[in-house]
Amino acid sequence: MIINHPRLGPRDSSEFVYKGDANLIDRPDGLTASPDEMHDYAYLRDNPAGLIRELWYHEQGDRSWLVVTRNTLTHEIEAVKMARDVARARGRAK
Amino acid sequence: MSQSNRILGGQVDRAQALSFAWNGTTLTGYQGDTLASALLANGQRLVGRSFKYHRPRGIFTAGSEEPNALVQLRSGAAQEPNTRATTVELFNGLEATSQNHRGSLKHDLMAVMDLMSPFLAAGFYYKTFMWPKAFWEKLYEPMIRGSAGLGRLSMQDDPDIYDHGYLHCDVLVIGAGPAGLTAALAAGRVGLRVILADEDFTAGGRLNSETYDVDGQAGADWAAALTGELEAMDNVRVMKRTTVFGVYDHGIYGVLERKTDHLASSDGKPRQVHWRLYSKRTVLCAGATERSIAFGNNDRPGIMMAGAVRSYANRFGVTAGQKVAVFTNNDDGLRTAQDLAAKGIEVLGIIDARAGDFVVDTKGRHGLRKVILNNNTQIEADCLAVSGGWSPNVHLTSHHRSRPIWRDDLAAFVPPQDLPFGMVVAGAANGAMTLSAAIKDAHAAATAIATDLGAGGATGAVPQASDEDFDIKPFWHVAQSKKRAWVDLQNDVTTKDVKQSYQEGFRSVEHLKRYTTLGMATDQGKTSNILGLALMTEATGKTIEDTGTTIFRPPYNPVAIGALAGRARGKDFRPYRLTPSHEWAQDNGADFVESGAWLRAQWFKRPGEKGWRDSVDREVTMTRKSVGICDVTTLGKIDIQGRDAAEFLNPFMPTLS
């Protein structure tokens with residue numbers, strides 16, 4: 001599998017570590033969220049036959065985190081974004 | 001022993017005679033022979049015993065699709081079982097032995113299994129070994145294990161080295177036959193980085209086995225000249241003895257290069273290299289594989305694929321028999337008769353299924369003696385060349401799960417529209433079954449890729465070849481045969497087994513495969529799958545199109561586990577991590593313990609100390625009284641964060657200023 005890194009260009013997936021569903025970015029506020037919300041965030045994942053957004057950590061490279069939109073049926077990668085940009089756009093990080 | 005079946009012509013180098021051992025007997029062949037062609041040249045028709053029934057078997061094909069001629073190579077730790085004699089290059093001193101028999105090959109004690117065949121039909125082990133329960137562990141399992149498998153492992157460590165490597169290119173061309181050579185040259189001419197891979201040790205594919213002309217030259221000469229031209233180009237890499245065995249995501253291919261298998265010794269060099277190949281575009285020119293026809297006792301040594309008989313005659317200068325008959329359902333089979341006759345071999349008859357002639361039975365205990373036709377004619381032939389048509393090698397197109405499409409006019413499956421990333425198919429693999437059509441197809445494919453990748457310049461003229469006849473009438477099995485008719489030779493699956501599979505409800509192709517084992521094992525049914533499908537469709541009344549085919553998965557051909565492991569084996573599979581103080585500790589007599597991946601010093605033994613307790617007591621006392629040093633590198637990492645982290649670390653890093 002080849003991941004087209006927004007800064008470094010096409011890189012082999014063996015350079016990356018898979019870090020799971022990209023919804024991990026949307027962590028509820030631990031002070032205000034209900035136990036159910038925290039439970040769902042921590043344990044529930046979708047398992048779609050089709051597009052999925054996932055986090056990939058470029059451990060053997062520049063150590064950036066990416067959000068990769070991948071089709072689980074064909075392994076086609078539709079989009080790759082810096083996780084920081086995604087998080088910022090969602091108001092998560094500074 | 002003389003090479004009684006050696007005839008004139010071919011590409012072998014008669015100046016270089018090679019001697020080799022077959023079951024302990026010394027025989028000779030020539031440089032350029034395969035083990036199979038050398039065995040045939042020496043009149044060795046019987047080369048093995050079949051898996052289940054221990055039937056005598058001979059060489060069936062001339063390529064990697066071989067189901068029968070599985071032999072054991074070399075000796076000692078380098079012993080390698082289940083190697084296809086048809087792909088083994090002959091070298092001086094090669095040792096080969098036959099497999100799967102007790103006693104001699106000719107008088108196999110296990111041949112009694114053939115008499116038990118009525119009890120060993122498809123799925124017998126699912127039904128037979130059910131009861132009593134206690135018998136399973138004590139009797140059945142040891143018995144099954146004893147008779148399973150063909151060759152024997154050496155049970156020693158593999159003495160050879162295997163390497164891994166990475167390759168990158170613009171265009172990967174798979175197969176160096178007429179189509180592959182044409183595509184590689186066209187892409188090479190416009191300056192694209194090309195890799196041309198072929199599993200054979202000579203480029204040219206079927207051109208070496210046929211008598212066609214290309215651009216006014218003999219096909220084999222044209223291929224040799226073109227290969228030379230490609231090898232001289234800086235942007236082209238020609239990889240012989242190299243199999244592209246798997247298609248992975250985004251233009252990544254699994255490739256196996258055999259570096260020293262054709263040499264007596266690997267001499268410390270890697271035996272095989274497993275390449276991970278990255279390509280922008282791929283032209284699959286894998287050609288086609290001939291398939292068989294099922295008729296009574298069609299598994300005797302001497303019964304071979306018609307194209308293979310032609311290969312041995314034209315490429316290796318070997319005739320598969322002295323008196324040959326041909327059984328075909330297509331024009332291609334006729335060429336075998338023509339080519340053999342031109343070389344002075346006696347062709348006793350052409351049995352053309354299109355004219356309503358069939359072979360119903362054969363005779364000959366250890367090799368073919370007689371062929372019996374439906375009109376009761378008997379032909380005293382020692383070789384029967386069979387052609388049931390050609391199946392395009394679509395395997396790699398299906399590695400991403402798309403299914404090939406049936407074409408009635410070719411009576412064969414062709415690649416689907418939905419191909420793996422960057423792949424196009426050209427030549428016979430694409431259903432362009434004649435030489436000139438295959439070359440045109442490949443040239444067009446390469447030209448389209450050149451345009452697509454924005455390479456400037458001309459791809460050159462299309463090589464010219466004559467268009468031979470291609471006519472086929474689907475014909476799968478001789479229904480009039482009363483005798484057992486083999487579909488899959490490697491797994492001993494007969495037409496009866498396929499029918500039984502249908503009767504017992506295993507009707508989907510995937511069930512058929514698992515229940516009867518049709519199309520399993522090292523050859524993955526390359527010569528037999530379509531035949532099995534056709535028989536199933538006859539039983540179900542469906543078309544082949546509706547029945548479909550089993551899915552093809554990597555690897556295309558067997559790959560040694562050692563090649564997949566590469567250097568990561570033994571100690572190197574999980575190397576020790578060593579602390580900065582390791583060398584010092586070693587010098588000072590430390591006793592080490594494994595701690596995760598680390599080696600950690602436990603204690604330092606001094607002279608006179610009897611056991612570990614003495615050393616530890618001394619160290620503890622010393623630390624309590626004065627001071628001790630412990631290297632805790634193994635215990636974790638120190639994470640330093642913050643704005644001035646780098647500044648803080650600078651003094652500790654001798655390489656930074």
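Look up a bit, the structure's there.
Caption draft 1: Representation of the pairing of strand E1 (residues 13-22) of chain B within the structure. All names here are of chain B. Sheet analysis places E1 next to strand E2 (residues 25-31), joined by seven bridges and oriented antiparallel. From the neighbouring strand, Leu18 faces E2, where its bridge partner is Gly29. The pairing of E1 with strand E7 (residues 95-97) spans two bridges and is parallel. Along E7, the bridge assignment pairs Trp22 with Ala96.

Caption draft 2: Layout of the environment of B:Ala225. Residue and element names in this part refer to chain B. For Ala225, the location among the structural elements is in helix H6 (residues 219-231). Under the relative-accessibility criterion, Ala225 is labelled partly exposed at 42%. Through-space distance from the C-alpha of Ala225 to that of Arg189 is 15 Å; in sequence the pair is 36 residues apart.

Caption draft 3: The arrangement of the environment of B:Phe421 in detail. Residues and elements named next belong to chain B. Relative to the elements of secondary structure, Phe421 occurs in the loop between strand E26 (412-414) and strand E27 (423-425). For Phe421, a relative accessible area of 48% puts it in the partly exposed group. Separated by 178 residues in sequence, Phe421 and Leu599 have C-alpha atoms that sit 45 Å apart. Not counting residues within four places of it along the chain, the set of residues in contact with Phe421 comprises His250, Gly251, Tyr253 and Lys280.

Caption draft 4: Up close: helix H5 (residues 178-189) of chain B. Residues and elements named next belong to chain B. Across its twelve residues, H5 extends 17 Å between first and last C-alpha, which sits within 8% of the 16 Å expected from 1.5 Å per residue. Summarising burial for H5: eleven of the twelve residues are buried, a large majority. Taken as a whole, H5 has its buried residues at Pro178, Ala179, Gly180, Leu181, Thr182, Ala183, Ala184, Leu185, Ala186, Ala187 and Gly188.

Caption draft 5: Representation of a nonpolar patch on the surface in the model. All names here are of chain B. Taken together, the side chains of Phe135, Leu139 and Met143 present a nonpolar region at the surface, about 270 Å² in accessible area. Note on placement: Met143 falls in helix H4 (residues 135-147). The partly exposed category is assigned to Met143, whose relative accessible area is 45%.

Caption draft 6: View of the state of the cysteines. Scanning all chains against the criterion turns up zero disulfides over all chains. We note that B:Cys285 lacks a disulfide partner, and the nearest cysteine sulfur, in B:Cys169, lies 13 Å from it.

Caption draft 7: Main features of the interface of chain A and chain B. With seven residues of chain A at the interface, the matching set in chain B holds five residues. Between chain A and chain B, the buried area comes to about 520 Å², and carbon and sulfur atoms account for 44% of it. Looking only at chain A, the three residues that lose the most surface to chain B are A:Met1, A:Ile2 and A:Asp12, adding up to 72% of its buried area. Across the contact surface, chain A and chain B share one salt bridge. A salt bridge links A:Asp12 to B:Arg276; its shortest N-O distance comes to 2.8 Å. Where chain A touches chain B, the interface holds five residue pairs in polar contact (both at pLDDT 80 or more).

Caption draft 8: Examining the sheet that holds strand E5 (residues 70-73) of chain B more closely. All names here are of chain B. Across the sheet, which stays open at both edges, the five strands sit in the order E2-E1-E7-E5-E6 with mixed pairing between neighbours. The open sheet has two edge strands with one neighbour each: E2 and strand E6 (80-84). Going across the sheet, the axis of each strand differs from the next one's by a mean of 40°, ignoring polarity. Where E5 lies against E7, two bridges are found, and the strand directions are antiparallel. The residue of E7 that forms the bridge with Gln72 is Thr97.

Caption draft 9: Just the side chain of B:Asp352, in detail. All names here are of chain B. Examined against the element boundaries, Asp352 turns out to sit in strand E19 (residues 346-352). Owing to a relative accessible area of 14%, Asp352 belongs among the buried residues under this scheme. Here Arg354 takes part through its backbone nitrogen, which lies 2.9 Å from a polar atom of the side chain of Asp352. Not counting residues within four places of it along the chain, the set of residues in contact with Asp352 comprises Thr328, Asn329, Leu334 and Asp357.

Caption draft 10: Geometry of the sheet that holds strand E17 (residues 303-305) of chain B. Residues and elements named next belong to chain B. What the four strands build is an open sheet, ordered E17-E23-E18-E19; its pairing is parallel. Of all strands in the sheet, those with a lone pairing partner are E17 and E19, marking the two edges. Averaged over all neighbouring strand pairs, the angle between strand axes comes to 25°, with direction disregarded. Helix-sheet contacts for helix H7 (residues 306-314) involve E17 and strand E23 (383-387), and the interaxial angle to E17 is about 85°.

Caption draft 11: Examining unusual backbone geometry more closely. Residues and elements named next belong to chain B. The linkage connecting Pro554 with the following residue, Pro555, adopts the cis geometry, with an omega of -5°. Residue position: Pro555 is located in the loop between helix H13 (544-547) and helix H14 (561-565). Phi angles above zero are rare outside glycine, and Asn23 is one such case at about 50°. With respect to the secondary-structure elements, Asn23 resides in the loop between E1 and E2.

Caption draft 12: Geometry of the side chain of B:Ser98. All names here are of chain B. Summarising the element assignment, Ser98 is placed in the loop between E7 and helix H2 (112-115). By relative accessible area, Ser98 is classed as buried at 10%. Within the structure, Ser98 has its side chain in polar contact with the side chain of His101 (distance 2.7 Å). Among all residues touching Ser98, those that are not within four sequence positions of it are Trp22, Asn23, Val47 and Leu105.

What counts and how
- Residues numbered from 1 in each chain as written.
- Chains lettered and ligands numbered in written order.
- Predicted model: local features only at pLDDT ≥ 70, side-chain atom pairs only at ≥ 80, totals over all residues.
- Heavy atoms only, no water.
- Pairing = 2+ DSSP bridges.
- Helix = DSSP H or I, 4+ residues; strand = E, 2+ residues; numbered from the N terminus.
- Buried < 20%, exposed > 50% of the residue type's maximum accessible area, 1.4 Å probe, protein only.
- Contact = heavy atoms within 4.5 Å.
- Expected span 1.5 Å × (residues − 1).
- Patch = residues over 30% accessible without salt bridge, like charges linked within 9 Å, V, L, I, M, F, W, Y side chains within 5 Å.
- Areas by Shrake-Rupley, 256 points an atom, 1.4 Å probe, with all protein chains shown as cover.
- Salt bridge = Lys/Arg side-chain N within 4 Å of Asp/Glu carboxyl O.
- Disulfide = S-S within 2.5 Å.
- Buried area = accessible area lost by both parts, 1.4 Å probe.
- Polar contact = N/O pair within 3.5 Å; in protein donor to acceptor, adjacent residues only side chain to side chain.
- Axes fitted to C-alpha atoms, helices over the stretch in contact; angles between N-to-C directions.

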